[in-house]
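Structural overview for review
For reference, the chains in residue letters:
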Amino acid sequence: MSEARRLLDPRDRGGPAQPLLLVRGLKKHFPTKGRFLARRHEMVQAVDGVSFSLMKGTTLGVVGESGCGKSTTARLLLHLIEPDAGDIVFDGDSVSDPQGISVRELRLQMQMVFQDSYSSLNPRATVSDIIAFGPKTAKKLAAQAARERDEAVSALDKSVEAQILNLLADLRRELNLTYLFISHDLNVVRHVSDRVVVMYLGRIVEAGEAEAIFGRPGHPYTRALLRAMPSMDPDYRTEVSPLTGDPPNPINPPSGCRFRTRCAFAEAVCAQATPILEAIGNDHDVACHMMVPGSSHGRADTVAPVND
């Protein structure tokens, strides 16, 4: 799509420079169910104050261990789950504002491709009926008209996966699409993403351009994730797990930095104060006391800012 065509795109209400998606302080806590002798009002802090922006025509990768809140965040964006707090702004219109964009209008502009198609599709329905369901519902098309029109890479053969990823890239360029890409495969995330956010236990611990995240990671958790990536080179085979132990219980997460119970560099300040995302380079933010001069962490004044 030419630049002139993009500027004239009637879907682009806010102009090309306005972020397609702004997420501010998104939060979702789930009440516990079925736990023996569970205390009242215990809540699973699945997503706890997540904020990010997604520019038009770009791909934002979201990474982190299972249970970090990636999928819950995606469901919150489409209001498949109702947020407890926070705001979602689509092309300048807030979902929470009565004068903004409605949930129905939002869903007409966004759609989710679920990770596990086997648990998302009706085995009794034909492929054509499954694909036609979207146009029937969103566009109010008759069944036959919907079947005459047309649509992610888990459990696919690698060669097929590559074809799908290339197709997604082609569609993004041709239609000026915007993607939020959630995956455990960091090699794929690096290949497709312009920017990346790293989540841990419901919060974002690092965010920035993909090459900055993969080339100059600032957070100990991000560095551990990257060291765990499988390599085709036997000389770089991972012998010892970069991360020890399981993530803490999201019902009662650690005080201060939530990663401190698994971090080799944790000090007293890490338990006492919650780190916030701080700029360490151009469009590169990290939530770690080590990266903030004067934070009272022993390594803070020895870590130089990253020049991305």
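The structure we're discussing is the one just above.
Just so it is clear, the structure is predicted and the values come from calculations on it, not from any experiment. All residue numbers refer to position in the chain's written sequence, counted from 1. Residues qualify for local features only when their pLDDT is at least 70, as the model is predicted, and side-chain atom pairs are given and counted only at 80 or more; totals for whole chains, interfaces and linings, by contrast, use all residues. In computing side-chain values, all of the structure's heavy atoms are included and hydrogens and water are not.

Structural notes on the packing of aromatic side chains
Only centres within 6.5 Å qualify two rings of Phe, Tyr or Trp (six-membered ring in Trp) as a pair; their planes then separate them into stacked at under 30 degrees, edge-to-face at over 60, and tilted for everything else. Summed over all chains, the structure comprises three aromatic pairs. Here the aromatic rings of Tyr200 and Phe259 are separated by 5.2 Å at their centres, their planes lie at 85 degrees, and the arrangement is edge-to-face. Linking Tyr200 in strand 7 (residues 195–200) with Phe259 in the loop between helix 9 (220–227) and helix 10 (268–272), this pair joins segments that are 59 residues apart in sequence. Elements are defined by DSSP. Helices are runs of H or I of four residues or more, strands are runs of E of two residues or more, and each kind is numbered from the N terminus.

With respect to the sheet that holds strand 10 (residues 284–286)
Ordered in space as 6-3-7-8-10-9, the six strands form an open sheet in which the pairing is mixed. The open sheet terminates on both sides in strands that have one partner only, identified here as strand 6 (179–182) and strand 9 (278–281). For this sheet the average axis-to-axis angle between neighbouring strands, irrespective of direction, equals 25 degrees. Here, a strand pair is defined by DSSP locating no fewer than two bridges between the strands. Pairing analysis gives three bridges linking strand 9 to strand 10, with the strands arranged antiparallel. Residue pairing for strand 10: Ala279 is matched across the bridge by Asp285. Any pair of residues with heavy atoms lying within 4.5 Å of one another is described as a contacting pair. What counts as an axis is a line fitted to C-alpha atoms, over the stretch in contact for a helix, and the angles between N-to-C directions run from 0 to 180 degrees. Packing against the sheet, helix 2 (residues 70–77) makes contact with strand 3 (59–63), strand 6 and strand 7, and its axis sits at approximately 150 degrees to strand 6.

Some remarks on the side chain of His79
Among the structural elements, His79 can be located in the loop between helix 2 and strand 4 (85–90). Exposure classes here rest on a 1.4 Å probe applied to the protein chains alone. A residue is buried below 20% of its type maximum, exposed above 50%, and partly exposed in between. Its relative accessible area of 13% is what places His79 among the buried residues. When near neighbours in sequence (up to four residues on either side) are disregarded, His79 contacts Ile88, Val95, Val103 and Arg107.

Some remarks on the pairing of strand 3
Across the five residues that make up strand 3, a large majority, five, are buried. Of the two faces of strand 3, the one holding Thr59, Gly61 and Val63 and the one holding Leu60 and Val62 are both buried throughout. As judged from the four bridges shared by strand 3 and strand 7, these two strands associate in the parallel manner. Within strand 7, the residue paired with Val63 across the bridge is Val198.

Description of the sheet that holds strand 5 (residues 93–94)
Read from one edge to the other, the open sheet built from four strands follows the order 2-1-4-5, with strand pairing classed as antiparallel. Since the sheet does not close on itself, it has two edges, and those belong to strand 2 (43–54) and strand 5, each with one partner. Looking at chain direction, strand 4 and strand 5 are connected through two bridges and run antiparallel. Bridge pairing links Val89 to Ser94 in strand 5. With respect to the sheet, helix 2 is in contact with strand 1 (21–31), strand 2 and strand 4, its orientation differing from that of strand 1 by roughly 115 degrees.

Quick word on the nonpolar core
Definition of nonpolar core: a set of buried residues of the types Ala, Val, Leu, Ile, Met, Phe, Trp, Tyr and Cys, connected through side-chain atoms within 4.5 Å. Within the largest apolar cluster, 26 residues are counted, with the highest numbers of intra-cluster contacts made by Leu186, Val196, Val198, Phe214, Tyr221 and Phe259. Among the secondary structure elements, those contributing two or more residues to this core are helix 7 (186–192), strand 7, helix 8 (210–215), helix 9 and helix 10. When sequence neighbours within four positions are dropped, the list of residues in contact with Tyr221 reads Gly64, Glu65, Val198, Met199, Tyr200, Val205, Leu243 and Phe259. Judged by nonpolar contacts, the second largest core, of 25 residues, contains Val50, Val95, Ile101 and Val197.

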